[in-house]
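One-letter residues, chain by chain:
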Amino acid sequence: MDGTMDPGTNAAPGRAAAADAKWTPYRHPMPKESPPELIVPDAIPSDERVWVPVDDNVWFRPLCLSVTRGYWVNLLRVRRAGVLSRHRHPMPVHGFVLKGEWRYLEHDWVAREGGYVYEAPGETHTLVVDPHVEEMITLFQVNGAMIYVDPDGNCTGYDDVFTRLDKCRRHYAACGLGEGYIDQFLR
Ligand code: FE
């Protein structure tokens, strides 16, 4: 039977019932400890103020800040000739390139639009966008922290989900969206 047919017209009674059951929603409440789902329709925002500036030509757009699990999901946007400071990851990072391309000074590969990147714990790297790339946007899920280091690995600072949250609050207060704007992205 063609999967697109109405299951009621041609199927045996048992199969029709099974097909109906498949389309029946779960009918009980979610666990009371489970936080609400988070839907961001304009993940790549039309309102420029949603982008939080981090450095020259570098911005991030928060999507989910997990203050209970210690990770964050954001879009990183870098415009031509931008650098994301050298940093070490104590925990893994997952990335998906939505637009443009970028590379690490420490590796010889290039992450291009449509590509997936896994960054292993222990990685230290410097993300750069070269002058020929007008704009790159990448979704990153970052666990734990980013530890900023000098070229010898000496710690110069860090970011975790709480410093990210502070940066968002300050930026959204200053740009007029209001410091409470970030609260919808907390879980
Ligand atoms: Fe990184």
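All figures in this text were calculated on a predicted structure; none of them were measured in a lab.

A look at the side chain of His89
In step 1: Note on placement: His89 falls in the loop between β4 (82-88) and β5 (93-99).
In step 2: Taking the relative accessible area as the measure of exposure, His89 reaches 2% and is therefore buried.
In step 3: A distance of 2.9 Å separates a polar atom in the side chain of His89 from a polar atom in the side chain of Glu119.
In step 4: Those residues in contact with His89 that lie beyond four places of it in its chain are Glu119, Ala120, Pro121, Gly122, Glu123, His125, Val142, Ala145 and Met146.

Digging into the pattern of salt bridges
In step 1: As enumerated under the stated definition, the model contains 12 salt bridges in all.
In step 2: Where Arg164 meets Asp159, a salt bridge forms, and the shortest distance between an N and an O atom there is 3.5 Å.
In step 3: Here the residues in one salt-bridge network are Arg79, Lys99 and Glu135, joined through shared partners.

Re the sheet that holds strand β8 (residues 116-119)
In step 1: On the basis of which strands lie adjacent, the open sheet formed by six strands has the order β1-β2-β3-β10-β5-β8 and antiparallel pairing. The outermost strands of the open sheet, each flanked by one partner alone, are β1 (52-55) and β8. Going from strand to strand, the sheet's axes swing by 25° on average, the running direction of each strand aside.
In step 2: Here helix α3 (residues 161-175) sits on the sheet and contacts β1, β2 (58-66) and β3 (71-79); the angle it forms with β2, its principal contact strand, is near 115°.

A look at the environment of Asp20
In step 1: Looking at the element boundaries, Asp20 is found in helix α2 (residues 13-22).
In step 2: Taking the C-alpha atoms as reference points, Asp20 and Gly144, separated by 124 residues in sequence, lie 44 Å from one another.

About the cut-offs
Residues numbered from 1 in each chain as written. Predicted model: local features only at pLDDT ≥ 70, side-chain atom pairs only at ≥ 80, totals over all residues. Heavy atoms only, no water. Helix = DSSP H or I, 4+ residues; strand = E, 2+ residues; numbered from the N terminus. Buried < 20%, exposed > 50% of the residue type's maximum accessible area, 1.4 Å probe, protein only. Polar contact = N/O pair within 3.5 Å; in protein donor to acceptor, adjacent residues only side chain to side chain. Contact = heavy atoms within 4.5 Å. Salt bridge = Lys/Arg side-chain N within 4 Å of Asp/Glu carboxyl O. Pairing = 2+ DSSP bridges. Axes fitted to C-alpha atoms, helices over the stretch in contact; angles between N-to-C directions.

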